[in-house]
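For reference, the chains in residue letters:
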Amino acid sequence: MGGPYRKCVNAMSTFIFETQHALGGLVPLPVRLQVETYGTLNEARDNAVLVCHYFTGTMHAAGDRPTPGWWNALIGDGRAIDTRRFFVVCMNSLSNVQSLNPQVVTTGPDTLHDDGEPYGSRFPAWGLGELFEVQRELMRSLHLTRWYAVVGPSFGGSQALQWAARAPELAPRIGAVASSCDAGLGQREVFLPNLRAIAQGGRLEAALLLITFYGLGSDGFARWFEQEDVGAYLRSRSGTASLVHLLDLGRVVSSHDLSRVAPQEVLFERWRAHGTRLLSINIRGDLFFPASVMRAFAGDALRAGVDHTHVEIESELGHLACLQEPEKLAPHLKALLNT
């Protein structure tokens, strides 16, 4: 999978990662997930950065074709995640929401079973631990001994923190943007139940509206749609989104909780022992991941001797500032990767 070293530092490549995995502890089934890479893997194979995507995102984190990647302002030549120095890898999640996009390859409920019909409700109830294991298989297929860093926004930040909790020896630098140590009460008790209720009625656009409102908050919603029609925006987004996958991934997102991996004091002990460097960037007013939760967690980590830098930013765009205002993230990500 590593392939020949590329001479062009901004080279983008894509491939399908294929493996067999016993999702949900059941019989192994074929897993196919699309991967994009940017930059060059060095001869020591120690400069690979795993970038994990957000809830409705895909493997297309950077590059300009066919459209600009969702973190294009942060990944590239001379940018915060500098492709002159780093080999950047981004892989689709299982049950990727954009499964109806022909350019996105994922495995989930929409995948055809051997009987020729979609798995649907028969698809195994996988979790964040299994996504971590598939990502670790990808790492090994690239002949890497570890990642230089694992970073990501929102759901991507939750995945990065899962790496810190499950294998700190394989991910010495962690960048969790607009995320937290757990999914939080608001996601579990308000967002997910409402998402389920909407999904049961087959209302994809309504589900996307709920996600958009949570992502922007009241002020951000008013600013975002001051000049744009809400209905047109939702119709444009619904063309490639799968309601079944959205619901399945929503279940997984809401299950994020580092304490299910190990108690906090055990995590801190592991991070001290491995010299783990943690960066958390939160947005004040974020409806998905309140900044106060990660602020408290970071404070506990610092008192326990963990190298944890916590940053909070202001934005009218709420949670979506993690995608829409990259200039507020860039210096902090750059500092994490350059030390």
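Below or above, wherever it landed, is the structure these notes cover. In this text the structure is predicted, and so the values were computed from the model without any measurement.

Let's shift gears to the overall build of the chain. For the chain, the helix and strand inventory stands at 10 helices and 10 strands. A compact globule built from 339 residues should have a C-alpha radius of gyration of about 20 Å, and the chain, at 19 Å, falls within 12% of that. Seen through its principal axes, the chain has C-alpha atoms that stretch 50 × 45 × 40 Å. Considering the chain as a whole, with its 339 residues, one finds that 58% of them fall into the buried category. Look at the contacts in the chain between residues 6 or more apart in sequence, and 71% of them connect residues 24 or more apart. Surface summary for the chain: the accessible area is close to 14,000 Å², and the carbon and sulfur share equals 51%. Between the averaged position of the 30 positive side-chain charges in the chain and that of its 34 negative side-chain charges there is a distance of 5 Å.

Close contact between helix 1 (residues 128–141) and helix 2 (residues 155–166) brings their axes to 10 Å; oriented N to C, the two are set at 80°. One finds that helix 1 runs roughly perpendicular with respect to helix 2. Packed against helix 1, whose contacting residues are Leu128, Gly129, Leu131, Phe132, Gln135, Arg136 and Met139, the element helix 2 presents Phe155, Gln159, Gln162, Trp163 and Arg166 at the interface. Taken together, the residues of the contact of helix 1 with helix 2 break down into six nonpolar, four polar and two charged.

With that settled, consider the pairing of strand 2 (residues 29–38). Most of strand 2 is tucked away, with eight of its 10 residues classed as buried. Here strand 1 (residues 12–21) runs beside strand 2; their pairing, made up of 10 bridges, is antiparallel. Pairing of Thr19 across the sheet is with Val31, part of strand 2.

We now examine the environment of Ile81. By the element assignment, Ile81 lies in strand 5 (residues 81–82). As for Ile81 and Leu216, which are separated by 135 residues in sequence, their C-alpha atoms are 25 Å apart. Once residues lying within four places of it in the same chain are set aside, the contact partners of Ile81 are Val51, Trp71, Leu74, Ile75, Gly76, Phe86, Val88, Val151 and Leu337.

Strand order in the open sheet formed by eight strands is 1-2-6-3-7-8-9-10, and the pairing between neighbours is mixed. The open sheet is flanked by strand 1 and strand 10 (307–313), the only strands paired with a single partner. Sheet twist, expressed as the average angle between the axes of neighbouring strands with direction ignored, equals 20°. Relative to strand 6 (residues 87–91), strand 3 (residues 48–51) runs parallel, the two being bridged by three bridges. Its bridge partner lying in strand 6, Val49 is registered against Val88. Of the strands in this sheet, strand 1, strand 2, strand 3 and strand 6 are in contact with helix 1, which crosses strand 1 at around 120°.

Rules behind the numbers
Every chain begins its residue count from 1, and numbering advances along the sequence as written. Where totals are concerned, whole chains, interfaces and linings use all residues; where local detail is concerned, this predicted model gives features only for residues with pLDDT of at least 70, and gives and counts side-chain atom pairs only at 80 or more. Hydrogens and water molecules were not included; the side-chain quantities draw on all heavy atoms of the structure. Per the convention used, a helix needs a DSSP run of H or I reaching at least four residues, while a strand needs a run of E reaching at least two, with both numbered from the N terminus. Here the globule rule reads 2.2 Å times residues to the power 0.38, and the radius of gyration is calculated from C-alpha atoms. Summary of the burial criterion: residues with accessible area below 20% of their type's maximum are buried, those above 50% are exposed, and those between are partly exposed, where the area comes from a 1.4 Å probe applied to protein chains only. Throughout, a residue-residue contact means that at least one pair of heavy atoms, one from each residue, lies within 4.5 Å. Accessibility throughout is a Shrake-Rupley quantity obtained with a 1.4 Å probe, and a residue counts as covered only by protein chains that appear here. We score Asp and Glu as negative and Lys and Arg as positive, and we do not count His or the chain ends. To locate a charge, take atom NZ for lysine, CZ for arginine, CG for aspartate or CD for glutamate. Think of each axis as a best-fit line through the C-alpha atoms, taken over the contacting stretch in the case of a helix, with angles from 0 to 180 degrees between the N-to-C directions. Should an angle lie under 35 degrees it is considered roughly parallel, over 145 roughly antiparallel, and from 65 to 115 roughly perpendicular; all remaining angles are considered oblique. Residue type decides the class: Asp, Glu, Lys and Arg count as charged, Ala, Val, Leu, Ile, Met, Phe, Trp, Tyr, Cys and Pro as nonpolar, and the leftover types, Gly among them, as polar. Each pair of strands is called paired provided DSSP finds at least two bridges between the two strands.

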